[in-house]
Amino acid sequence: MPASPVTYTFLGPAGTFTEAALLQVPDAAAAIRIPSSNVNTALDKVRDGSADAAMVPIENSVEGGVSATLDAIATGKELRILREALVPISFVLVARPGTRIEDIRRISTHSHAWAQCRLWADHNIPNAEYIPGSSTAAAAMGLLEGDVHYDAAICAPIVATEQPGLTVLAENIGDNPGAVTRFVLVGRPGELPEPTGSDKTTVVVPLPEDRPGALMEILDQFATRGVNLSRIESRPTGQYLGHYFFSIDADGHVADARMADALAGLHRISPATRFVGSYARADGHRTVVEPHTSDQAFRAAHAWVKDILSGASVVPEYTSKASPTA
Ligand SMILES: O=C(O)C(=O)C[C@]1(C(=O)O)C=C[C@@H](O)C=C1
């Protein structure tokens, strides 16, 4: 990324959970921040150079993967995930002053937010019709603009705090109190973030067709090299029925020998495999490395093969003692 000025875009407007994620990036508060109305627009701004990076949601602990993001980074001009951010999610119900819960006939919010408040809504506003919104904050701000056909919105508490024109009718209405959404900062290909020992690598692997055991082969590339997976999802490519790609997060950095070897294996099986990034984990968990999959073990193994090719003696001592023919 250029030194300065940095331009970030994010799923907006101000007050979204995505903006909260962006503000975790150390230089974001002082940078130029441009809201985008959806994930595709945000990523296109990165592709065409009008933004240096975009913060977008990728995974929710209740709802799972954010399809719009998974699909957008799997296709089109290549992008790279540069870092991740975790945001604890809690929702409030807001309306214009004077509205009572029993008055609500129509309610708007982002589809992921709605999915996380469904039980609460079933119990408390069972007859309210859901109107999809482009984000939680956009739904709330719509109430202030007046030109909307809904009476209430579900959004982050900060929107209600900063907008005196909104009344909070209910707090903590999420069905899962511990809900967390994972966001990623996406930029253009360039220098990779340094390995930290607590990293994640994201790849997109199109499933080879008409090949029995192809998925098993893909998983095996990670398993035999001791690489743990933290997320794997299949998504349709959109080309035709039955054509899928896998979006995978694996523990470790492409600079780690075992990860590089696993990715090379994926490329052999599925040459259209897309590397989406190696970046520091937000939770700081260190990658567990078995001794036989360490960088040192890979170096020793490669040196051994090199010796074989050069004609050097490569018989380990214990074999010569154990074998009567040695
Ligand atoms: O609408 C927002 O505030 C967003 O940042 C989007 C989003 C999402 O896509 O999941 C982010 C976190 C919440 O889970 C709900 C909505």
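Residues numbered from 1 in each chain as written. Predicted model: local features only at pLDDT ≥ 70, side-chain atom pairs only at ≥ 80, totals over all residues. Heavy atoms only, no water.

**Focus on the overall build of the protein chain**
At step 1: A count of helices and strands for the protein chain gives 11 helices and 15 strands.
At step 2: When the backbone C-alpha atoms are referred to their principal axes, the protein chain occupies close to 95 × 45 × 35 Å.
At step 3: Burial analysis of the protein chain (326 residues in total) assigns 44% to the buried set.
At step 4: Sequence-distant contacts, at least 24 apart, represent 75% of the contacts inside the protein chain between residues at least 6 apart. (Helix = DSSP H or I, 4+ residues; strand = E, 2+ residues; numbered from the N terminus. Buried < 20%, exposed > 50% of the residue type's maximum accessible area, 1.4 Å probe, protein only. Contact = heavy atoms within 4.5 Å.)

**Considerations on the environment of A20**
At step 1: Relative to the elements of secondary structure, A20 occurs in helix α1 (residues 17–22).
At step 2: Looking at A20, the relative accessible area reads 37%, which means it is partly exposed.

**A word on the pairing of strand β11 (residues 180–187)**
As a general feature of sheets, a regular strand has side chains that alternate between the two faces.
At step 1: Of all eight residues in β11, seven are buried, a share of seventy percent or more.
At step 2: Sheet analysis places strand β3 (residues 53–60) next to β11, joined by seven bridges and oriented antiparallel. The residue bridging A53 from the neighbouring strand is G187, located in β11.
At step 3: Bridging between strand β5 (residues 80–88) and β11 involves eight bridges; their strand directions are antiparallel. When the sheet's bridge partners are listed, R83 is paired in β11 with L185. (Pairing = 2+ DSSP bridges.)

**Examining helix α2 (residues 39–47)**
At step 1: For α2, the full list of buried residues reads V39, A42, L43, K45, V46 and R47.
At step 2: On its buried face, α2 is in contact with β1 (7–11), β2 (32–36), β3, α3 (67–74) and β11.
At step 3: Between the side-chain oxygen of the N-cap and the backbone nitrogen of N40 there are 3.1 Å, and the N-cap of α2 in question is N38.
At step 4: G49 lies just past α2 and shows a positive phi near 90°. (Polar contact = N/O pair within 3.5 Å; in protein donor to acceptor, adjacent residues only side chain to side chain.)

**Some points on the site of the ligand**
At step 1: What surrounds the ligand is a group of 14 residues, the closest being F17, T18, Q116, T136 and T181.
At step 2: Contact between the ligand and H112: an oxygen atom at 3.1 Å from a side-chain N or O atom of the residue.
At step 3: Contact with the protein chains removes 100% of the 360 Å² of surface that the ligand exposes when unbound.
At step 4: Of the residues belonging to the shell around the ligand, the class tally is five nonpolar, nine polar and no charged. (Near = heavy atom within 4 Å. Areas by Shrake-Rupley, 256 points an atom, 1.4 Å probe, with all protein chains shown as cover. Nonpolar A, V, L, I, M, F, W, Y, C, P; charged D, E, K, R; others polar.)

**Focus on the domain arrangement of the protein chain**
At step 1: Its domain assignment divides the protein chain into domain 1 (1–88 + 179–189), domain 2 (92–171) and domain 3 (191–289).
At step 2: Distance from the C-alpha centre of domain 2 to the C-alpha centre of domain 3: 39 Å. (Domains from an automatic or database assignment.)

**A look at the pattern of salt bridges**
At step 1: This structure, assessed with the given rule, holds 18 salt bridges.
At step 2: Across the pair E217 and R211 runs a salt bridge whose closest N-O atoms are separated by 2.8 Å.
At step 3: A relative accessible area of 34% means that R211 is categorised as partly exposed.
At step 4: One salt bridge connects R231 with E233, and the closest N-O pair in it is separated by 2.9 Å.
At step 5: The buried category is assigned to R231, whose relative accessible area is 5%.
At step 6: One network of salt bridges, with partners in common, ties together E59, E84, R182, K200, R231, E233 and D249. (Salt bridge = Lys/Arg side-chain N within 4 Å of Asp/Glu carboxyl O.)

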